[in-house]
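# A look at the structure
Residues per chain, in single letters:
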Amino acid sequence: MIDIEWGYTFAGLLVGFIVGMTGVGGGSLMTPLLIFFFGIKPAIAVGTDLLFAAITKSGGIFVHQRRGTIEWKIVGLMSLGSLPMALVSVTLLDWLKAETAAVAHLITFTLGVALLLTATVLLMRSQLHRLGNALGQRFPNLSSKRNYATVGAGALLGILVPLTSVGAGALGAAMLTLLYPWMPTKRIVGIDLAHAVPLTLIAGLGHMHLGTVDLTLLASLLIGSLPGIYLGSHTSTKVPDHILRPALAGMLILIGMKFIVA
C-alpha cells in the first residue's frame, strides 16, 4: 500500500495550479521544487516527474484528437528522433550510475540550461514565430529538409527530457513554431502534447527500471495536481498573460542560474 505524503500533495496542487494558469510544462516547476524544497535526489526528482507528466498530460491527447488538432505525421517524425534518443539517454544514466554525485551534478547543470531556455521561449514567443516565417521566406529550399529537421528536433528533446524532465512542453512547442510557423497555435499545442506523452512515458519507465522513481511521491503529486490544473485553468482568464509569463520566466531564470552555478 502506498502512503500519501500530504506535503507533496500540496506541491502538486501548487504546480498544477500554475500549469493550469500558464500552460507551461510542469517539469520546469516540479523538478526544481522537489530538489530545492524537499531535498529529493535529482535523479529521483526527474524520474518521478517524468511519469507524473506522462499521466497528467495523457488526457489532453483525447481532447485534441476530438478537436482534430493533432498532426500525427509530425508527431511520428518527432518521435522517430526522440524515443530512440530517450532510450540512449536512460542507458547512459544507467552506465554512469544515476544516483552518484557526478550524475547529480550533470542533471542539475543540464536542468539549469533547460530552465533558461524555457524562460527564453516564454519571453520571446512572438519573436520565434516571426523568425520561423523569416527563415522560410529567405531560404525556401528549407521546406524540403523540414522532415529531417523535425526528426532532429525530436532527437534533441530525447536527449534533454530524460536528463531534466524539462523540454517536452515549452521547448517542443518552440521548435515546432520555428519549423511550422504558419501552423495555428492550437495545432502546435496538440502536436506538442501528443509527442510529449510517449516521450515522458518512455523516459519515465526507463527511470523506473533504474530505480529512480518514487511511487509514493508520484501518487501524492497526482492527488494534488489534478484539482490544481482544473482550478488554474479557470483562473487564467482573470490574470493578464503579459503579467503571468514574464513573472514565471523571471522565476525560471533565477532557478536556472542557481542550478548552473551550484
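Heads up: the structure comes first, above all this text.
Keep in mind that this is a model prediction, so the values were computed, not measured.

What counts, and at which threshold
- Residues numbered from 1 in each chain as written.
- Predicted model: local features only at pLDDT ≥ 70, side-chain atom pairs only at ≥ 80, totals over all residues.
- Heavy atoms only, no water.
- Helix = DSSP H or I, 4+ residues; strand = E, 2+ residues; numbered from the N terminus.
- Expected span 1.5 Å × (residues − 1).
- Buried < 20%, exposed > 50% of the residue type's maximum accessible area, 1.4 Å probe, protein only.
- Salt bridge = Lys/Arg side-chain N within 4 Å of Asp/Glu carboxyl O.
- Core = buried A, V, L, I, M, F, W, Y, C linked by side-chain atoms within 4.5 Å.
- Contact = heavy atoms within 4.5 Å.
- Phe/Tyr/Trp six-rings, centres within 6.5 Å; stacked < 30°, edge-to-face > 60°.
- Lys, Arg positive; Asp, Glu negative; His and termini not counted.
- Polar contact = N/O pair within 3.5 Å; in protein donor to acceptor, adjacent residues only side chain to side chain.

### Overview of helix 9 (residues 185–210)
An α-helical turn contains 3.6 residues, so any two residues separated by three or four positions project in the same direction. The first and last C-alpha atoms of helix 9 sit 37 Å apart over 26 residues, in line with the 38 Å expected at 1.5 Å per residue. Phi for Gly211, located one or two positions after helix 9, is positive at around 85°.

### Considerations on unusual backbone geometry
One non-glycine residue, Ser165, lies in positive phi territory at about 65°. Taking relative accessible area as the criterion, Ser165 reaches 9% and is therefore assigned buried.

### Remarks on the pattern of salt bridges
Going through the model one piece at a time under the given rule, you end up with one salt bridge. The salt bridge involving Glu71 is made with Arg187; its shortest N-O contact spans 3.2 Å. Taken together, the residues span a long stretch of sequence, with Glu71 in the loop between helix 3 (42–67) and helix 4 (72–96) and Arg187 in helix 9 at a distance of 116 residues.

### Digging into the nonpolar core
Leu34, Ile40, Leu115, Leu176, Leu221 and Leu252 are the most contacted members of the largest nonpolar core, which totals 65 residues. The leading source of residues in this core is helix 9, at nine residues. Ignoring any residue separated from it by four or fewer positions in sequence, one finds Leu115 in contact with Ser28, Pro32, Val166, Leu252, Ile255, Gly256 and Phe259.

### Notes on the packing of aromatic side chains
Tallying each qualifying case throughout the model produces four aromatic pairs. Considering the side-chain rings of Phe36 and Phe259, the 4.6 Å spacing of their centres and the 15° angle between planes classify their relative orientation as stacked. Of the two residues, Phe36 is situated in helix 2 (residues 27–36) and Phe259 in helix 11 (residues 241–261); the sequence distance between them amounts to 223 residues. Looking at Phe259, the relative accessible area reads 3%, which means it is buried.

### Concerning the side chain of Asp192
Note that Asp192 resides in helix 9. Buried charge without a salt bridge: Asp192, with Lys57 as the nearest opposite-charge side chain at an N-O distance of 6.2 Å. Reaching out from Asp192, the side chain makes a polar contact with the backbone nitrogen of Ala173 at a distance of 3.5 Å. If we skip the residues at most four places from it in the chain, Asp192 touches Ala168, Gly169, Gly172, Ala173 and Leu176.

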